[in-house]
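As a plain string of letters, each chain reads:
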Amino acid sequence: MEGESKTKAKPGKVGSSREASLKQKSPAEFFSENKNIAGFDNPGKSLYTTVRELVENALDSAESISELPVVEVTIEEISRSKFNNLIGLIERDRIDTALYDDYETEKAREKRLAKEAKEQEKQAKIAASGKKIKEVAKKAAKSRGESAFLKVTCKDNGKGMAHDDIPNMLGRVLSGTKYGLKQTRGKFGLGAKMALIWAKMSTGLPIDVTAATVGQDFCSHCILDIDINKNIPHVHLHEKQENSSKWHGAEIQVTIEGNWTTYRSKIISYMRQMAVITPYAEFLFKYVTESQDKNMTIRFRRRTDVMPPAPAETKYHPSAVDLLLIKRLIAETSKQTLVQFLQHDFTSISKSHAERLIGEMGSEFSPKMAVKSLTDQHIVRIHQLFRQAKFDEPSGECLSPAGEYNLRLGIIKELHPDMVATHEGSPQVFEGHPFIVEAGVSIGGRDVKPGLNIFRFANRIPLLFEQGGDVVTRTAMKRINWNNYKIKENQDKVGVFVSIVSTKIPFKGTGKEYIGDDIEEIASAVKSAIQQCCGQLKAKIIRQQAAWDKQERKRTLAKYIPGVSRALYDTLLTMIENDQSKRRKYGEEFDELVQKVSSHEITEATIKQKLTQHVDQMDMEMALEYATQSGMVEAAREAVFLNCLDDKQTFVVDLKSPVCVFRLFSGFGV
Amino acid sequence: MATIRALCRAEQEAKVEPRSLADLNLPHAFKEVADLSSNSVVTEIEKCILAAAKSILAGHGFGFNVPSRSSANQIYVPEIDRIVLKDKSSVREFANSSSVRKTAITTRVLQLIHQLCIKQIHVTKRDLFYTDVKLFQDQGQSDAVLDDVSCMLGCTRSSLNVVASEKGVVVGRLIFTEDGDRIDCTKMGVGGKAIPPNIDKVGDMESDALFILLVEKDAAFMRLAEDRFYNRFPCVIVTAKGQPDVATRLFLRKMKMDLKLPVFGLVDSDPYGLKILSVYMSGSKNMSYDSYNLTTPDIKWLGVRPSDLNKYKIPEQCRLPMTDQDIKTGKDMLEEDFIKKDPKWYAELELMVKTKEKAEIQALSSFGFQYLSEVYLPMKLQEKDWI
């Protein structure tokens, strides 16, 4: 890491020097040196992380003002010459070609030519032997790993940013608004800032921001970058522009070094999974490049306008705090006395409970003592008691799960499965933090591979990396007996969706890309949620199977009629021929039959016809029986939401009936 | 030798007790089959076919009444010491998507057997399968239906003129005729005589042996045959190379019934070896409908018994730890009536499960390759060490 950051360091950056002198590092410096923690390991991953941070910020911003999110992401590839133009660098031809990495020495060329000749010979041989010639994959002129300069733009319809706050909100690391205890999308509170640092490191270009708050009649336009050493914003341009369309939201544009080729599929599946878990948002994703054929535009349509409530900020549970956190809470509290502090700054502590706790702490403590006067020893004592005492579990009210309805719609919208089942578990607790597990299981669908396809979400963002160790993957692969639910885990196209929301997601690994499998509470909640879904599916699958059987029965039976008729008739014939001399007695009941067969009155065709008749009749009886048994329910009912074609319409009245809800537009005299 | 002679004499003098089910007055009805002549089999098949044809022509479709061979329909009867089939049966309807396939196969098998019995020829199970591969799909299916047909018609599988390919081998002081040819099992080299799949053609058994030695494994059989063990101790040595097939079981029963010799079992000291002994003695679940003809009562367990491991100081490196599966099988067997009825057998199996050690017959080779034939067996026989 050290080496990498050194090579990429821009002039003026001193953080990576290894001088012995004591030096203070700014947070920005720290992150620039440890990019991998925040997901900027390599150009490909950096592009992915930039996109996701911007998208997640955009969603948060729109949801915070209860606006249905519309997010537009554009990635534009910039060629080197265009880039140089951009920064005012003159394109220079290579003079000393041997200086460059891709220079081919004399020896290497000889080797290559020899190799190519050999290859050709081989090809000729293969062609001569009449075998199919396999097209040798031509080495692309540009290798896959080649990174390029990419301009990433993300536009949302969120709350925007106040004009004067923009430089500080974006140009200062760890200065976010997301530091309370609350279910949040962001993982570090770095968001766009990290992308900005990466932009500065890789291209040196500043970030371009346009923002407007709700009801503001101007837009703020700001071009800034970050002074990494001092962790302060460095503003190039900060101006107000006209905002005639009353737009609100933010548009952030960064130019970074990235790799589209290697991470294309990851970015697209990220967008797609985001669309699954956020079906109330509209996403537009564009990739623009100079060569037309590589351009792509994907629109993920809004499928519902039911938005989960914004997660509420909550207080810490006594069992989830450490010494430092208690100190911080004391520093920040507005309460005067210890008893008020305990009662109001923590969940699950009532007034009487607080008094009992204080009594337990010892004689030096009293309910009325000033909370700010607590010494370090006092705090240690409080901490110890928090660890030992028993508290009510925190409630899950502060959480905002996607909701079964939304998850279901999201799955249907993006995967178009044949069947889907969803389940929302009840709130549970791990180390003082409440969590809710929601799961969905789908069968069949578009672009789904046969086998288990696992989609993981944490606090409503998709997790794409390090799938192997994740609690969801492991549970689905090892602890669910799919056969029990009539699901063939290797043949069926199974989609497993698990979304975990919590005030603190117990991520594992530096990249925060997976949730460990060692937490029993979460593992069992995940298992039971998936099982619930499977249980629902089982009934559907059985019903479907029965319907299929009904259709197939006649065909299956008919298949065996000719063989059986022939076997029966041939046996009868053999028997009669063989019998001429001996005349066995079979009883009178069969005499007529024997007679008719020997006189060829009954032939194979007769038997076949009679058997077919019987099968037809049975089939009709069974069908009737099946219909009376299952009634009209051919498949379970599915909730349907019809999207409004025109966003600008407002609704006045909901007319509700047991079957559906009509929403009336305003402006029709209602 | 004197002891064995005494045992042999006792065996020959003992009266054969009646072992028929009918005499027992048991609360259940049972399904038993009997050897039928080809003619009666033909008649039975014709009855079935006529009934089916009549039912079809009357517009009722058709079906066969097939006795159930599931384990729920089987019972071990301690009085006669074998597994028998109860009389539960089900109708295999053609017009039912779950049973149509089996009904079609049954019809075809009936037709094929009808032909065999009329022509009086024998074929193997494999032959039967190949006559209509497309319908049968795999041999397991035609084999299963063959057993169903045996039950349905109430005859043994050999009466259907279908035999399994040869598996068992016999060597030693035995002379018998097979289809008129006189066979002397002392002159069969070290490989032994293959046990004929068609027991009907075996007859005129003569022997001056004092006992029959039943060996689980081919390797031990070879050792004994090569060392001409039957010349030192006049005996007949039989193996089925693992789980016994029908022919070997029929042959053993015939020997025991005709020659009235005691039978000793030499099997591995593991649950599987004991299982093999149980199949010889009380029959397998698969063939329980014909347990009367297939079982040989009163086999003595000579070795290798779990208690032998310490008694003969079999070295540690030759003992194997039992796998979880082995232990489970062992524990399950402790619950079976076949083991429970004899406290000595029960104690041996209990010891095996307790020590969690098993050993193969070959473990004895650690004392020398001929230890089995020159020390172990003679010592066992001299000490009357059988249970």
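Quick caveat, the model's predicted, so the values are computed rather than measured.

Undergrad: Would you explain the packing of aromatic side chains in this entry?
TA: For any two aromatic rings, the description comes down to two numbers: the centre-to-centre distance and the angle of the planes. All told, the structure shown has 21 aromatic pairs over all chains when counted by the stated rule. For the ring pair Phe 386 of chain A and Phe 391 of chain A, a centre distance of 5.9 Å and an interplane angle of 85° mean the geometry is edge-to-face. Residues Phe 386 of chain A and Phe 391 of chain A agree in their burial class; the two are buried. Seen in terms of ring centroids, Phe 211 of chain B and Phe 264 of chain B are 5.3 Å apart; in terms of plane orientation they differ by 65°. Their pairing is edge-to-face. Taken together, the positions of Phe 211 of chain B in strand S13 (residues 211-215) and Phe 264 of chain B in strand S15 (residues 263-266) put the pair 53 residues apart, joining distant regions of the chain. Here the aromatic residues Tyr 48, Tyr 263, Tyr 270 and Phe 465 of chain A are joined through ring pairs into a cluster of three or more. Positioned above the aromatic ring of Phe 465 of chain A, the side-chain terminus of Lys 45 of chain A is 4.6 Å from the ring centre. If you follow Lys 341 of chain B out to its NZ or CZ, it ends over the ring of Trp 345 of chain B, 6.0 Å from the centre.

Undergrad: Please clarify how the side chain of Lys 45 of chain A should be interpreted in this entry.
TA: Residue and element names in this part refer to chain A. As for its position among the elements, Lys 45 is in helix H3 (residues 43-64). The exposure class assigned to Lys 45 is buried, which follows from its relative accessible area of 10%. Sequence-distant contacts of Lys 45, defined by excluding residues within four places in its chain, comprise Gly 39, Tyr 263 and Phe 465.

Undergrad: Explain the nonpolar core to me, please; I cannot follow it from the model alone.
TA: Across soluble globular proteins, nonpolar side chains have a tendency to be buried as a group. Grouped together as the largest cluster of nonpolar side chains are 86 residues, with contacts concentrated most on Leu 174, Phe 211, Leu 213, Phe 229, Ile 237, Phe 251 and Met 255 of chain B. Of the residues forming this core, the biggest block, seven residues, is contributed by helix H9 (residues 246-259) of chain B. For this core, the two domains that each supply at least three residues are domain 1 (2-16 + 164-382) and domain 2 (32-163) of chain B. Residue contacts for Ile 237 of chain B: discarding those within four places in its chain leaves Val 169, Val 170, Val 171, Leu 213, Val 215, Phe 221, Leu 224, Phe 229 and Tyr 230 of chain B. Counting residues in each nonpolar core, the second largest holds 64 residues, with Leu 59, Ile 197, Tyr 263 and Leu 464 of chain A among its members.

Undergrad: Honestly, the sheet that holds strand S11 (residues 193-194) of chain B in this entry has me stumped. Any pointers?
TA: Paired through their backbone hydrogen bonds, the strands of a sheet run either parallel or antiparallel. Residue and element names in this part refer to chain B. Taken in spatial order, the six strands line up as S11-S8-S14-S13-S15-S16 in an open sheet, and their pairing is mixed. At either margin of the open sheet sits one strand with a lone partner, and together these are S11 and strand S16 (299-303). Across four bridges, the pairing between S13 and S15 is parallel. Its bridge partner being in S15, Leu 213 is matched across the sheet by Phe 264. On top of the sheet, helix H10 (residues 271-282) reaches S13, S15 and S16; it is set at about 160° to S16, its chief contact.

Undergrad: Sorry, what's going on with the interface of chain A and chain B here?
TA: Bring the parts together and some accessible area is lost; that lost area is often taken as the interface size. Across the boundary between the two partners, chain A contributes 30 residues, which contact 29 residues of chain B. A combined buried area of about 2800 Å² lies between chain A and chain B, and 78% of that area is made up of carbon and sulfur atoms. Three residues, Tyr 560, Leu 568 and Thr 571 of chain A, lead the burial of chain A against chain B; their summed loss comes to 21% of the area buried on that side. Where chain A touches chain B, the interface holds zero salt bridges. Counting the contacts that link chain A with chain B gives four residue pairs in polar contact (both at pLDDT 80 or more). Listing elements by their share of the side of chain A that touches chain B, those giving two or more residues are helix H15 (520-579), helix H16 (588-598) and helix H17 (604-630) of chain A.

Conventions we followed
- Residues numbered from 1 in each chain as written.
- Chains lettered and ligands numbered in written order.
- Predicted model: local features only at pLDDT ≥ 70, side-chain atom pairs only at ≥ 80, totals over all residues.
- Heavy atoms only, no water.
- Phe/Tyr/Trp six-rings, centres within 6.5 Å; stacked < 30°, edge-to-face > 60°.
- Buried < 20%, exposed > 50% of the residue type's maximum accessible area, 1.4 Å probe, protein only.
- Helix = DSSP H or I, 4+ residues; strand = E, 2+ residues; numbered from the N terminus.
- Lys NZ or Arg CZ within 6 Å of the ring centre and 35° of its normal.
- Contact = heavy atoms within 4.5 Å.
- Core = buried A, V, L, I, M, F, W, Y, C linked by side-chain atoms within 4.5 Å.
- Domains from an automatic or database assignment.
- Pairing = 2+ DSSP bridges.
- Axes fitted to C-alpha atoms, helices over the stretch in contact; angles between N-to-C directions.
- Buried area = accessible area lost by both parts, 1.4 Å probe.
- Salt bridge = Lys/Arg side-chain N within 4 Å of Asp/Glu carboxyl O.
- Polar contact = N/O pair within 3.5 Å; in protein donor to acceptor, adjacent residues only side chain to side chain.

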